[in-house]
Amino acid sequence: MNAVFRTLVGNDLRLFFSDKRAMIATIFIPIMLASFFAMIFGGGGSGKKAAITVLVADNDQSPVSQKIIAGLKTDESFKVSAASEAQAREAVGKGKVSVALVISKDFGTQSASALFNPAAPRPKLTFLYDPAHNADLQMARGLMTQQVMQVVSQEAFGGAGDAGGGMSAPCEMESEAMVAKSANEPTDASGGKAGATHVFIGMGVQGLLFFAIDFAIGMVRDRRLGLWKRLRAAPLSRLLILGSRWISSSIIGLVVLSAVLTFGALFYEIRINGSVIGFVLLAVASSLMVAAFGMLIAALGRTEGQCRAFAVPAVLTMSFLGGAWIPTFMMPAWIQPVSLILPTRWAVDGFDLVTWRGLGLVEVLPSLGIVLGFAVAFAGFALARFRWED
């Protein structure tokens with residue numbers, strides 16, 4: 001009995017260690033996941049967060065407003081650039097920057113008067129922000145409050161810097177979320193709907209990628225069983241056989257993505273506030289891309305185990321770096337530009353544009369074109385490399 005037990009145990013261990021790729025993947029996946037989260041929440045590596053770009057529209061152009069802006073530029077956490085109010089609104093609305101500041105006209109004179117006279121009119125500081133970056137807004141507000149009180153009190157006291165007592169707030173600070181609004185969907189000031197929409201989009205894209213793994217393993221299994229060899233014996237072209245699989249799996253992927261986003265629409269009020277045509281085209285393009293990715297996995301893997309071994313790490317990497325798990329702005333500075341080489345980053349960003357950002361077809365065209373480009377590249381490589389028999 002002991003000999004049989006040792007034999008069975010030894011056989012399982014030999015099977016595990018004989019498949020080197022599967023063994024490495026089993027060990028590598030938890031290390032990779034731990035490393036990803038360690039880079040964000042603390043740990044080794046270069047985890048320096050990218051400086052927050054802040055656009056400032058100075059409608060006052062007074063010495064006071066200029067000193068406030070100069071003070072903002074001294075903080076290394078922010079990269080301050082000048083812009084008009086229209087430019088600032090457009091940049092935040094399209095997600096190019098997370099925060100912009102609008103300084104109202106006559107800010108310098110009105111803020112000094114309001115400092116000692118509660119009844120005096122107060123100038124406004126308006127923060128335009130991307131609700132997906134609410135933390136950036138809070139940081140900007142904190143620094144701005146400090147700079148305003150310091151500069152205005154110094155101006156009022158001739159540079160003495162001693163505020164004394166009896167003062168009131170020198171200005172009013174307002175926050176305006178730059179997202180699509182409708183009568184039936186009020187914007188959550190904390191960015192709640194934007195956050196929920198991003199989560200469902202990210203998980204929908206990741207669901208497509210995991211479907212691609214199953215699709216690839218099924219193709220390799222069919223090859224092992226001789227199905228592809230029998231099909232090639234029939235008067236059917238290589239392009240027709242693989243093309244039919246590509247389209248059928250794309251349709252299934254589109255159903256998967258639609259189911260995830262429909263659930264989000266029913267229970268989490270996710271809406272297409274931008275181009276419906278852009279949304280549909282991007283969903284089709286993403287499904288084609290992921291199905292082609294599945295064919296690529298099948299072309300590269302010789303066995304089901306090998307496909308799973310390198311496909312799972314690839315899917316997790318594409319999901320994480322592409323922003324499917326967490327927004328890319330939360331990642332270290334060096335990772336953010338790297339993620340631009342992944343199709344998932346463009347798919348997720350594109351869906352963000354036409355849903356909670358409420359942008360049109362023109363704005364989503366770059367994302368659509370790049371996702372389609374990856375789809376064609378994956379499909380072409382898979383067609384060239386696919387083996388019809390073991």
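Read on for a plain summary of the structure.

The rules behind the values
- Residues numbered from 1 in each chain as written.
- Predicted model: local features only at pLDDT ≥ 70, side-chain atom pairs only at ≥ 80, totals over all residues.
- Heavy atoms only, no water.
- Pairing = 2+ DSSP bridges.
- Helix = DSSP H or I, 4+ residues; strand = E, 2+ residues; numbered from the N terminus.
- Axes fitted to C-alpha atoms, helices over the stretch in contact; angles between N-to-C directions.
- Contact = heavy atoms within 4.5 Å.
- Expected span 1.5 Å × (residues − 1).
- Buried < 20%, exposed > 50% of the residue type's maximum accessible area, 1.4 Å probe, protein only.
- Polar contact = N/O pair within 3.5 Å; in protein donor to acceptor, adjacent residues only side chain to side chain.
- Phe/Tyr/Trp six-rings, centres within 6.5 Å; stacked < 30°, edge-to-face > 60°.
- Lys NZ or Arg CZ within 6 Å of the ring centre and 35° of its normal.
- Core = buried A, V, L, I, M, F, W, Y, C linked by side-chain atoms within 4.5 Å.
- Arc of directions from axis to C-beta.

### A few points about the sheet that holds strand β4 (residues 124–129)
Sheets are built from strands paired through backbone hydrogen bonds, the pairs being either parallel or antiparallel.
Inference 1: If you trace the 5 strands from one edge of the open sheet to the other, you get β2-β1-β3-β4-β5, paired in mixed fashion. Each edge of the sheet is formed by a strand with only one pairing partner; in this case those strands are β2 (78–82) and β5 (172–177). Ignoring strand direction, the axes of neighbouring strands in this sheet form an average angle of 25°.
Inference 2: Relative to strand β3 (residues 99–103), strand β1 (residues 52–58) runs parallel, the two sharing 5 bridges. Across the sheet, the residue bridging to aspartate 58 is isoleucine 103, located in β3.
Inference 3: Against the sheet, helix α3 (residues 63–73) contacts β1, β2 and β3, and its axis sits at roughly 175° relative to β1.

### With respect to helix α14 (residues 361–385)
Inference 1: Compared with the 36 Å implied by 1.5 Å per residue over 25 residues, the 35 Å span of α14 between its first and last C-alpha is a close match.
Inference 2: When α14 is considered as a whole, its buried residues turn out to be Val364, Ser367, Leu368, Val371, Ala375, Phe378, Ala379 and Ala382.
Inference 3: In this structure, the buried residues of α14 make contact with α9 (238–268), α10 (276–300) and α13 (343–354).

### Brief notes about the side chain of arginine 345
Inference 1: Tracing the sequence through the fold places arginine 345 in helix α13.
Inference 2: Side-chain polar atoms of arginine 345 contact the backbone oxygen of glutamine 336, separated by 3.3 Å.
Inference 3: A distance of 2.5 Å separates polar atoms of two side chains, one belonging to arginine 345 and the other to serine 339.
Inference 4: If near-sequence neighbours (up to four positions away) are discounted, arginine 345 is found in contact with Gly322, Thr328, Gln336, Ser339 and Leu340.

### Let's talk about the packing of aromatic side chains
Inference 1: Going through the model one piece at a time under the given rule, you end up with 9 aromatic pairs.
Inference 2: Ring geometry for phenylalanine 263 against phenylalanine 267: centres 4.6 Å apart, planes inclined by 40°, an arrangement best described as tilted. Residue phenylalanine 263 and its partner phenylalanine 267 are located together in helix α9, separated by 4 residues, close to a single helical turn.
Inference 3: Assessed through its relative accessible area of 43%, phenylalanine 263 is described here as partly exposed.
Inference 4: Its relative accessible area of 56% is what places phenylalanine 267 among the exposed residues.
Inference 5: Here the aromatic rings of phenylalanine 263 and tyrosine 268 are separated by 6.5 Å at their centres, their planes lie at 45°, and the arrangement is tilted.
Inference 6: These aromatic residues form a ring-pair network of at least three members: Phe200, Phe263, Phe267 and Tyr268.
Inference 7: We note arginine 223 situated over the ring of phenylalanine 386; from NZ or CZ to the ring centre the distance is 5.4 Å.

### Brief notes about the nonpolar core
Inference 1: Membership of the largest hydrophobic core comes to 58 residues, with the highest contact counts inside it found for Met219, Trp228, Phe293, Phe351 and Phe386.
Inference 2: Where this core is concerned, the elements lending two or more residues are α7 (192–224), α9, α10, α11 (304–321), α13 and α14.
Inference 3: Broken down by element, this core gets its largest block of residues, 14 residues, from α10.
Inference 4: Every residue in contact with tryptophan 228, bar those within four places of it in the chain, is listed here: Met219, Asp222, Arg223, Ile241, Leu242, Arg245, Phe386 and Trp388.
Inference 5: One finds Ile68, Ile69, Phe127 and Val151 within the second-largest nonpolar core, a separate group that totals 26 residues.

### Examining α3
Three or four residues apart is the spacing at which side chains of an α-helix point the same way, because the helix has 3.6 residues per turn.
Inference 1: Turning to α3, its buried residues are Val64, Ser65, Ile68, Ile69, Gly71 and Leu72. The buried residues of α3 all sit within an arc of 155° when viewed along its axis, so they share a single face. Of the residues in α3, the exposed ones pointing more than 90 degrees away from the buried face are Pro63 and Lys73.
Inference 2: For α3, the secondary structure elements touched by its buried residues are β1, β2, β3, α5 (107–116) and α6 (134–156).

### Here we look at the pairing of β3
Inference 1: The buried fraction of β3 amounts to 5 of the 5 residues, a majority that puts the element mostly inside the structure.
Inference 2: Judged by which residues are buried, β3 turns out to be covered on both faces: Val99, Leu101 and Ile103 on one side and Ala100 and Val102 on the other are all buried.
Inference 3: Pairing geometry for β3 and β4, over 5 bridges, is antiparallel. Counted as the bridge partner of valine 99 is tyrosine 129 from β4.

Such coordinate-based values are descriptive only and should not be taken to indicate function.
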